[in-house]
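Each chain, letter by letter, is given below.
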Amino acid sequence: MTDMPAKRLLLVHAHPDDESINNGATMARYAAEGAHVTLVTCTLGERGEVIPPELRHLTGAALGMHRRGELADAVRALGVSDARLLGGAGRYGDSGMMGIADNEDPGCFWQADVDEAAGQLADVILEVRPQVLVTYDDHGGYGHPDHIQAHRVAMRAVELAEERGHRIAKVYWNRVPRSVAEAAFERLQDELPALPFDKSASVADVPGVVADERVTTSVDGTAYAAAKADAMRAHVTQIAVAEPYFALSNDLAQPLFTTEYYELVRGAGEAGETDLFAGVEEAVA
C-alpha cells in the first residue's frame, strides 16, 4: 500500500463485537491520531446468542450477515476504515462455545488449519506492514475456541510474515489488571440497582484479568469513551449498553473500560508504557 501513515496497528479478533469490547477506545484513539488501524475478524459470529426478542429469528448465516452489518457500523463509530474478514466473508464459521458439538463442524474456525489461516493473515500483514499487532492470549481471554484459534493464527502469522520479509515490532495480548477490575466491580455493586441488568458478574467473568504486574501497557481512551460506547451499541444483537456498564446475553453487568490494558509479549518495551508504539521506529516502509 502506498502513502501509508507512519503508525500502523493490526488487531485480530474472533467475532464481531470483540473489537469494540476489548479495544474500542484504543482503536478510536489511534485512528483519530492518524494511525492506520486494521481490524481482521475471523468469523461472523453465526452462533452468537441474540439479545433483542425481535431479532431472535436470526440464526446461522442470516445472523452472520446481520452481524457483519453491525461490525461495519461499529468500526465506523470508531473512525476505522480498514476492517476485513479473514479469508473473506463466511470463510470460517463460528465454532460455538467450548465443548459442544458445533466445535466439530469442519467449516468452523476451531477446525481450520492454523498454517492456512495464518497464511491468509500474513498476506494482510505484508500488505499493511503494521508495526504493532494486538490479539488474545493462548487461553483466548476466557476459553472460547474461536478466541484460542485467533491467538494461534495471529501468533503464527507473525512468524510467517517475518519469514516473508516483514517483522512486526511489538505484539500485545489484551489484558485487564486485577486491581482495576476489582475496583470497577466494587463501584458496580453500588450502582447495580439502577441498571437494566438482572445480575452482577464478578472479576472472574471478565476475560483477560491478570495480576497487575503482567500488564505492561495502558492506553487512555477516556476522550473516546462515547465512540467506544457507540461501537458497542452497534452490536445490538450481542450487547446491551448502560454506560459505564454493559451486559451480554447472560445479562451479567460488566464495566465498560475506557482505559484499555495490554501485555507486551514480543518486542522491546518497558513496564508502564502508555503508547502501543512506544520505542517503535516509524520509518518502516
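Named according to an unreviewed UniProt entry, the chain is 1D-myo-inositol 2-acetamido-2-deoxy-alpha-D-glucopyranoside deacetylase originating from Streptomyces camelliae. Regarding the chain, the UniProt comment filed under Function (unreviewed entry) reads as follows: "Catalyzes the deacetylation of 1D-myo-inositol 2-acetamido-2-deoxy-alpha-D-glucopyranoside (GlcNAc-Ins) in the mycothiol biosynthesis pathway." The chain has a UniProt comment under Sequence similarities (unreviewed entry) that states "Belongs to the MshB deacetylase family."

**Student:** Lay out the pattern of salt bridges in plain terms, naming residues and giving numbers.
**Tutor:** The tally for this structure, following the rule as stated, stands at 21 salt bridges. Its salt-bridge partner being Asp123, residue Arg164 comes within 2.8 Å of it at the nearest N-O pair. With Arg164 in the loop between helix 4 (145-163) and strand 5 (170-177) and Asp123 in helix 3 (residues 114-128), the pair connects residues that are 41 residues apart, well separated along the chain. Classification of Arg164 by relative accessible area gives partly exposed; the value is 46%. Note that Arg156 and Glu159 form a salt bridge whose closest N and O atoms lie 2.8 Å from each other. Highlighted residues: Arg156 and Glu159, both in helix 4, separated by 3 residues, approximately one helical turn. Judged by its relative accessible area of 23%, Arg156 falls in the partly exposed class. Take Glu159: its relative accessible area is 39%, and that puts it in the partly exposed class.

**Student:** Which residues make up the UniProt feature "binding site: Zn(2+)" (unreviewed entry) in the chain, and what values do they have?
**Tutor:** UniProt's feature table lists "binding site: Zn(2+)" (unreviewed entry) at His15, Asp18 and His147, given in the numbering used throughout. For the residues just named, distributed over 133 residues, the greatest C-alpha separation is only 9.5 Å, placing them together at one site. Tracing the backbone shows His15 in the loop between strand 1 (8-13) and helix 1 (18-32). Not counting residues within four places of it along the chain, the set of residues in contact with His15 comprises Thr41, Thr43, Gly45, Arg67, Asp94, His144, Asp146 and His147. If you trace the backbone, His147 turns up in helix 4. Setting aside residues no more than four positions away along its own chain, His147 makes contact with Ala14, His15, Asp18, Tyr136, Gly140 and Tyr142.

**Student:** Tell me what's going on with a nonpolar patch on the surface, and back it up with residues and numbers.
**Tutor:** On the surface, a nonpolar cluster with roughly 270 Å² of combined accessible area is contributed by Met97, Ile100 and Tyr142. Here Ile100 lies in the loop between strand 3 (82-85) and helix 3.

Cut-offs and rules
Residues numbered from 1 in each chain as written. Predicted model: local features only at pLDDT ≥ 70, side-chain atom pairs only at ≥ 80, totals over all residues. Heavy atoms only, no water. UniProt positions renumbered as here; feature names shortened; annotations may be inferred. Salt bridge = Lys/Arg side-chain N within 4 Å of Asp/Glu carboxyl O. Helix = DSSP H or I, 4+ residues; strand = E, 2+ residues; numbered from the N terminus. Buried < 20%, exposed > 50% of the residue type's maximum accessible area, 1.4 Å probe, protein only. Contact = heavy atoms within 4.5 Å. Patch = residues over 30% accessible without salt bridge, like charges linked within 9 Å, V, L, I, M, F, W, Y side chains within 5 Å. Areas by Shrake-Rupley, 256 points an atom, 1.4 Å probe, with all protein chains shown as cover.

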